[in-house]
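# Working through the structure, step by step
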Amino acid sequence: MTAENPRILLVEDEELNRTLVKAVLARARIAAVRDAEVLDASTLASARTRLAAEDVDLILLDMNLPDGSGLALASELAAGTVATGRPRPTVVAVTASVLPQDREAALQAGCDGFLDKPYAAADLVATVAEHLSRRSGQDRS
Amino acid sequence: MRVDWSSLVLLAAEFTFAVLFLRALVGYLRRRDPLQRDVTLVFAPCTVLFCVDIARRINGDALPMWVNAVSLTVLLAQPYLTVRLAARLRAVPAWLQRAILVTLAAVAAWVAFAPRPLSPIQLFTAVTSFLIAELIAAALLFGKARTRTGANRARLMIAAGATAAFGLMIVLIGIAAVPGSSPVLDTANRVLALICGFGYLIAFVPPHWLRRAFSATAAQSVTERLLRAPAESAEQVWQIYADIMRVQTGADAVAVLMPRADGMLAPAAYAGPPTTAPDGLGFADVTALIRAGRPARLRDSDPALVAHFGDDLGDDFVTVLSMPVPPDAEGAVLLFNRHRSLFSDDDLRLLAALGGQAGVLAERQAVTAAQRRLAAELSTSVEALTRASQAKSSFLANMSHELRTPLNAIIGFSDLMRLEEPDGDRRRVPADWVDHIHTSGRHLLGLINDILDLAKVEAGRLELRLAPLRVDTAVSELLTGLAPLLSAKNLTVTTTLPEATALADRVRFRQIVENLLSNAIKFTDDGTISVSVAQAGDLVEVTVADTGVGIAEADRERVFEEFQQVGDPDRQRAGTGLGLALTKRLVEAHDGEISLISTPGEGSAFTVRLPAAPLLQLDQGPDAGARVLLIEDDPQSAELLSTQLVSAGYHVEVAGTGEAGLTAAGAHPPDAIVLDVALPGIDGFEVIRRLKADPRLAGIPVFFATIIDERQAGLALGADDYFVKPVDQAALLGALARKIAHRPVPRVLVVDHDDEIRKAIEDGLRAGGADVVACADGRDGLALSRESHFDLIVCDMQSPEVDGFSMLAAIEQDPATRHTPVLGLTAAAGVAREPGDAAPLVATAMAGGVVATAMAGGAGWEALAPLLGGSGTAMKDGSAKGGSGTAAKDTKETA
């Protein structure tokens, strides 16, 4: 476990969903999740700005964003064209586009995980916890 | 040995002319064709001349005088015969023919027996007149040649040239006859004679190979042109063939006949001056013409042909050609000519044969073209289907996405709530979570409703309850409802709402305008929204304009597509993306249209055009005071429905069971019945069955309002409409208003001096649906009865001023009112008539010969009502049958 609390960037245009994610994570029973610092961005552009300025461990990335598809950001991260401080953040696609071809496209773009909307609170927590622990494991190794 | 070339040339020329003459003669003897006879005659003089020449060579110059005279006369006849031939081929003025004949005959008479050698004057006159006549003939042939094409033209040209050469030859002979002329001239005229002979030979008796070359050229040209012409159907192919044949053969008219199923020949195409197309020609008759093998006068041929073509084309020549149509049919080509065609017969046969084949080729071409067109259409529709299928897939994907989005909030927040610590049987949760769930739920519901509506429209299952709708009122109601939204965004609304009535479904209309309004509100941050209504002819226009973000030109079609929110993605607004798509479909389902004008950055204006309501139905609300019987056991439903009905201006009577409803309807038939299905005792279906079985009640419109969705059953039993609860109030009221309005409203004149009784009668009649005019005085009553038409006059027989009997007499005498039934009211014997008295009165319908007894006063008068609407006719009929003027005799009891 790193000394600092993990940082999560939530890229989501719907305010309702941002509120929801924050509320769910804040009430998680898993300390790592509960203690995570949640940053948010409602567009791709603001997400890029945030990533340039701050260190982020995990991105919860909506696909349908006002200024484009989340896939674009995922591919940029995979290609390393987005300046980030730490090792490349883990990207989890969180989207209501759940058809097989959508999932395929997300994985192709370099997303590390996939969470379908609508999700139960427990699913969100479990997904975040899994990816954070995998990451901290990598950090230690 | 020295060869006398000059003599050999002469011999060759003489031989050529002999051949020509013999061929022509044989041709004529074989076919007895007048044209062939004329051709033969043209060559006869030459032949005679050369016979004489040969005889002269054998006998020296010692020929008898008469031979010389005959040969000269025959020679002078030749130009005239040539002109005569030309006259068979084209129009030649009769005076010209006569002038030539007379001139040549005069010259012949003068010089034939003149002593030889002829005097220079005689020689000059003979040669000149011959030359002029020959040149005229040549010019006529040349003129004809110019109107023709191909081989015919060439052959006629050559014939004209040969004719001119013949004239020149005679000039040379004349010059040679002058003593002391050069012997070269003799040779020259013999060469000219040979040229002339060959010319005629080529023109009239072409060698086989030349003829075939002519035919082949003509046939090729026809076939080529036929195949090149763009034809889409067999009819067109034959029309083109007829046109080409007409040009190619120089015929005045060409008809192509094809065999019909019944063996008759029917014209497939006709080219030429307008004429009545023959309906069908006996194949045998045409075959007989074909067998004749030569042009015939139309008048001599098949009467059917004459009937169809003769009158229009004149007394003309018709050539009939058999035309084989592969595989085994046989048609015919008819060529009509005002004049004979000199050479065409040979070519024509080949042309007809080729025509059949070319026709089939071209028909195949047409079929191929049709197939190509079909293939293109098919691929277009396959493309369209593919596009539609792709659109469907993307619609489904979009729909899934759109549904999941609000569900995410609902499931997520409710999940969070479940995780909150319970406090007894409650949990403490943040209030805004509940709001989030509620909002998302509403959004989801809106989405599902939109999707269902779209699906309904797509499947054509959207049922519109079209009724005249005051668009201006509906729009202002909507604006009132949206006022909070408008003021929240600080938007100004301007309206132009003149009175306009569209034929529309109230609910759907509201949906359409609400979508446009909420769209305008959504995309306008500050500024003005203007709503205007206009009635333009048979259209009603509703325009919603905003000063919002506007829509780029490229997006103007796309805004009406599902799940498309266009414009700057940074400024996307919340919404299902279905609103405009649905709006467009709803408008189209009304047979209306929606259009959009927009300038990006300045605003958009959506205009909806819907059909206007027919003028007749303008402002047709429910009849004031119409009575509705509501048969409904559930008190809450009954109250809700009766409140709605009362507020719409109906008198409502409620019955709690089917039996009670039937009793109430029987006692006092209402204007309409609203009926539930689930009732204690007999159910609604049984109620309507009994209603429809009762002739007195069968005409009353019945509307089901029930929770049981058995529309088909209800309508099958005779219901006018079927509403499933929760009942669409507007739809029910609209249906009621339409049904009740369509019942004829009887006009009744009531004359009674007693104010209270008159009022009671009036009320009773009005409740029964009558239009009542009332007055107290008999004189006024008479005046009113003359001013306008009444279906019934009810009058008090004991009016103080004019008694009922004098009034009846007056009504009876006036032709305008003679046939109007009159119900006379009188107190029953022995019963005092007092205001409001419920005692029976005797009602006497005197004019109609019907005396009726009815209940008098108050509620009893309502018994009149059923007599006036549908069943009121019985009374009118009775009056009509009774005739006029007969005194009241029969007495009838009515309930």
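Definitions and limits used
Residues numbered from 1 in each chain as written. Chains lettered and ligands numbered in written order. Predicted model: local features only at pLDDT ≥ 70, side-chain atom pairs only at ≥ 80, totals over all residues. Helix = DSSP H or I, 4+ residues; strand = E, 2+ residues; numbered from the N terminus. Buried ≥ 20, exposed ≤ 12 C-beta atoms within 10 Å, placed from the backbone. Contact = placed C-beta atoms within 7 Å. UniProt positions renumbered as here; feature names shortened; annotations may be inferred. pLDDT = per-residue confidence, 0-100. Pairing = 2+ DSSP bridges. Axes fitted to C-alpha atoms, helices over the stretch in contact; angles between N-to-C directions. Nonpolar A, V, L, I, M, F, W, Y, C, P; charged D, E, K, R; others polar. Expected span 1.5 Å × (residues − 1). Parallel < 35°, antiparallel > 145°, perpendicular 65-115°, else oblique. Left-handed = near helix turned anticlockwise from the far one by under 90°. Core = buried A, V, L, I, M, F, W, Y, C linked by C-beta atoms within 7 Å. Arc of directions from axis to C-beta. Right-handed = clockwise from strand over helix to strand, strands pointing away.

### A few points about the overall build of chain A
For chain A, the helix and strand inventory stands at six helices and seven strands. Reading chain A from its N end, one meets helices and strands in the order β-α-α-β-α-β-β-β-α-β-α-β-α. Residues classed as buried in chain A amount to 39% of the 141 residues present. Of the contacts formed within chain A by residues at least 6 apart in sequence, a portion of 67% connects residues at least 24 apart.

### Considerations on the overall build of chain B
Along the backbone of chain B there are 26 helices and 26 strands. Within chain B, the fraction of its 895 residues that count as buried is 39%. Considering only residue pairs separated by 6 or more positions, chain B has 65% of its internal contacts joining residues 24 or more positions apart.

### Here's the deal with the UniProt feature "transmembrane region" (unreviewed entry) in chain B
Residues and elements named next belong to chain B. In the UniProt entry, the feature "transmembrane region" (unreviewed entry) is given for residues 6-29, 95-115, 121-142 and 154-179. A distance of 34 Å separates the end C-alpha atoms of residues 6-29, which is 100% helix and 0% strand. Between the C-alpha atoms that bound residues 154-179 there is a distance of 39 Å. The span itself is 92% helix and 0% strand.

### Regarding the confidence of the model for chain B
All names here are of chain B. Confidence along chain B averages 76 in pLDDT terms, with 80% of residues attaining 70 or more. Confidence over residues 568-573 falls short of pLDDT 50; this stretch has nine contacts with residues more than four positions distant or in other chains. Counting interchain partners and residues more than four positions distant, the pLDDT-below-50 stretch residues 616-623 has 18 contacts. In the predicted complex, the global pTM is 0.42; the interface-specific ipTM is 0.82.

### Details of the sheet that holds strand β18 (residues 702-706) of chain B
Residues and elements named next belong to chain B. Pairing is parallel in the open sheet, where five strands are placed in the order β16-β15-β17-β18-β19. Edge strands, defined here as strands with exactly one partner in the open sheet, are β16 (651-655) and β19 (721-724). The average angle at which neighbouring strand axes cross in this sheet is 20 degrees, direction not considered. Two strands pair when backbone bridges link them, and strand β17 (residues 672-675) and β18 are joined in this way by three bridges, in the parallel orientation. The partner of Ile673 across the bridge, within β18, is Val702. Packed onto the sheet, helix α17 (residues 635-647) meets β15 (627-631), β16, β17 and β18 and runs at close to 165 degrees relative to β16. Set on the sheet, helix α18 (residues 658-667) makes contact with β15, β16 and β17; between it and β15 the angle comes to about 160 degrees.

### Notes on the environment of Val92 of chain B
For Val92 of chain B, the location among the structural elements is in the loop between α3 (65-89) and α4 (94-111). Setting aside residues no more than four positions away along its own chain, Val92 of chain B makes contact with Val83, Ala86, Ala87, Gln97 and Leu140 of chain B.

### As for the sheet that holds strand β2 (residues 37-41) of chain A
Residues and elements named next belong to chain A. If you walk across this open sheet you meet the five strands as β2-β1-β3-β6-β7, and the pairing is parallel. In this open sheet, the two edge strands, each paired with only one partner strand, are β2 and β7 (113-116). On average, each strand axis in the sheet is tilted by 20 degrees relative to the strand beside it, whichever way the strands run. Looking at chain direction, strand β3 (residues 58-61) and strand β6 (residues 90-95) are connected through four bridges and run parallel. Looking at the pairing, Ile59 lines up with Val91 of β6.

### Observations concerning the interface of chain A and chain B
The interface of chain A with chain B comprises 17 residues on the first partner and 19 residues on the second. Of all the elements, helix α1 (residues 15-26) of chain A adds the most residues to the side of chain A that touches chain B, at five residues. Taken together, the residues of the side of chain A that touches chain B sort by class into twelve nonpolar, two polar and three charged.

### Quick notes on helix α5 (residues 120-147) of chain B
All names here are of chain B. Between its first and last C-alpha atoms α5 spans 41 Å; for 28 residues at 1.5 Å apiece the expected length is 40 Å, and the two agree. Within the sequence span of α5, burial applies to Ala126, Val127, Phe130, Ala133, Glu134, Ile136, Ala137, Ala138, Leu140, Leu141, Lys144 and Ala145. Where the residues of α5 are buried, they touch α3, α4 and α6 (150-177).

### With respect to the environment of Gly70 of chain A
All names here are of chain A. Mapping Gly70 onto the fold places it in helix α4 (residues 70-79). On the basis of neighbour count, Gly70 is assigned to the buried category, with 26 C-beta atoms found within 10 Å. Residues within four places of Gly70 in sequence aside, it is in contact with Val11, Leu61, Asp62, Met63, Leu65 and Ala93.

### Some points on the pairing of strand β13 (residues 593-599) of chain B
Residues and elements named next belong to chain B. Pairing of β13 with strand β14 (residues 603-611) involves seven bridges; the strand directions are antiparallel. Each bridged residue has a counterpart across the sheet, and for Ser595 the counterpart in β14 is Thr607. Connecting the antiparallel pair β13 and β14 is a turn made up of three residues, with Gly601 showing a positive phi of about 90 degrees.

### Digging into the packing of helix α1 (residues 5-31) of chain B against helix α7 (residues 183-204) of chain B
Residues and elements named next belong to chain B. In contact at an axis separation of 8 Å, α1 and α7 are set at 25 degrees when each is read in the N-to-C sense. One way to sum up the angle between α1 and α7 is to call them roughly parallel. Crossing angle aside, the handedness with which α1 passes α7 is left-handed. Across from Ser6, Val9, Leu10, Ala12, Ala13, Thr16, Phe17, Leu20 and Ala24 in α1, the residues of α7 making contact are Asp186, Thr187, Arg190, Val191, Ala193, Leu194, Gly197, Phe198, Tyr200, Leu201 and Phe204. Across the contact of α1 with α7, the residue classes tally to 14 nonpolar, four polar and two charged.

### Considerations on the nonpolar core
With 60 residues, the main nonpolar core has Val83, Leu141, Ala159 and Met169 of chain B as its most contacted residues. For this core, the secondary-structure elements that each account for two or more residues are α1, α2 (34-59), α3, α4, α5, α6 and α7 of chain B. It is α6 of chain B that provides the largest number of residues to this core, a total of 13 residues. When sequence neighbours within four positions are dropped, the list of residues in contact with Leu141 of chain B reads Ala86, Leu156, Ala159, Ala160 and Thr163 of chain B. Core analysis: the second largest hydrophobic core is formed by 44 residues, Leu73, Val94, Leu124 and Val128 of chain A among them.

### Examining the packing of α6 of chain B against α7 of chain B
Residue and element names in this part refer to chain B. Viewed as axis vectors pointing N to C, α6 and α7 meet at an angle of 160 degrees, and their least axial separation amounts to 8 Å. If you check the angle between α6 and α7, you find them roughly antiparallel. Crossing handedness for the pair α6 and α7: left-handed. When the residues that make up the contact of α6 with α7 are grouped by side-chain class, the tally is 21 nonpolar, three polar and two charged.

### A closer look at the UniProt feature "modified residue: 4-aspartylphosphate" (unreviewed entry) in chain A
Residues and elements named next belong to chain A. Mapped onto the present numbering, the UniProt feature "modified residue: 4-aspartylphosphate" (unreviewed entry) falls at Asp62. Along the polypeptide, Asp62 turns up in the loop between β3 and β4 (64-65). With 25 C-beta atoms counted inside 10 Å, the residue Asp62 sits in the buried group. Ignoring anything within four residues of it in the chain, the contact list for Asp62 reads Val11, Glu12, Asp13, Gly70, Val94 and Thr95.

### Considering α18 of chain B
Residues and elements named next belong to chain B. Considered for burial, the residues of α18 that qualify are Gly658, Gly661, Leu662 and Ala665. Taken around the axis of α18, the buried residues stretch over an arc of 100 degrees, which confines them to a single face. Along α18, exposed side chains directed more than 90 degrees from the buried face belong to Thr663 and Ala667. Those residues of α18 hidden inside the fold are in contact with β15, β16, β17 and α19 (684-693).

### Observations concerning the confidence of the model for chain A
Averaged over every residue, the pLDDT of chain A is 85; the share at 70 or more is 91%. For chain A, per-element mean pLDDT is lowest for helix α6 (residues 121-140) of chain A, which scores 83, and highest for β3 of chain A, which scores 94.

### Details of the pairing of β15 of chain B
All names here are of chain B. Of all five residues making up β15, five are buried, and the element is well covered by its neighbours. The alternating pattern of β15 places Arg627, Leu629 and Ile631 on one face and Val628 and Leu630 on the opposite face, and all of these are buried. Once you follow β15 into α17 and on to β16, the crossover reads as right-handed. Here β15 pairs with β17 via four bridges, running parallel. Residue pairing in the sheet places Leu630 in a bridge with Val674 of β17.

### Quick notes on the environment of Pro117 of chain B
Tracing the sequence through the fold places Pro117 of chain B in the loop between α4 and α5. When the C-alpha atoms of Pro117 of chain B and Pro179 of chain B are compared, they prove to be 9.2 Å apart, with 62 residues separating the residues in sequence.

### Let's talk about unusual backbone geometry
Each neighbour pair has its own omega, and for Lys117 of chain A with Pro118 of chain A the value is 0 degrees, a cis peptide bond. Counting through the fold element by element, Pro118 of chain A comes out in the loop between β7 and α6. Despite not being glycine, Asn490 of chain B has its phi angle at roughly 60 degrees, a positive value. Take Asn490 of chain B: it is sitting in the loop between α14 (471-488) and β9 (491-496). Take Asn490 of chain B: there are 9 C-beta atoms within 10 Å of it, and that puts it in the exposed class.

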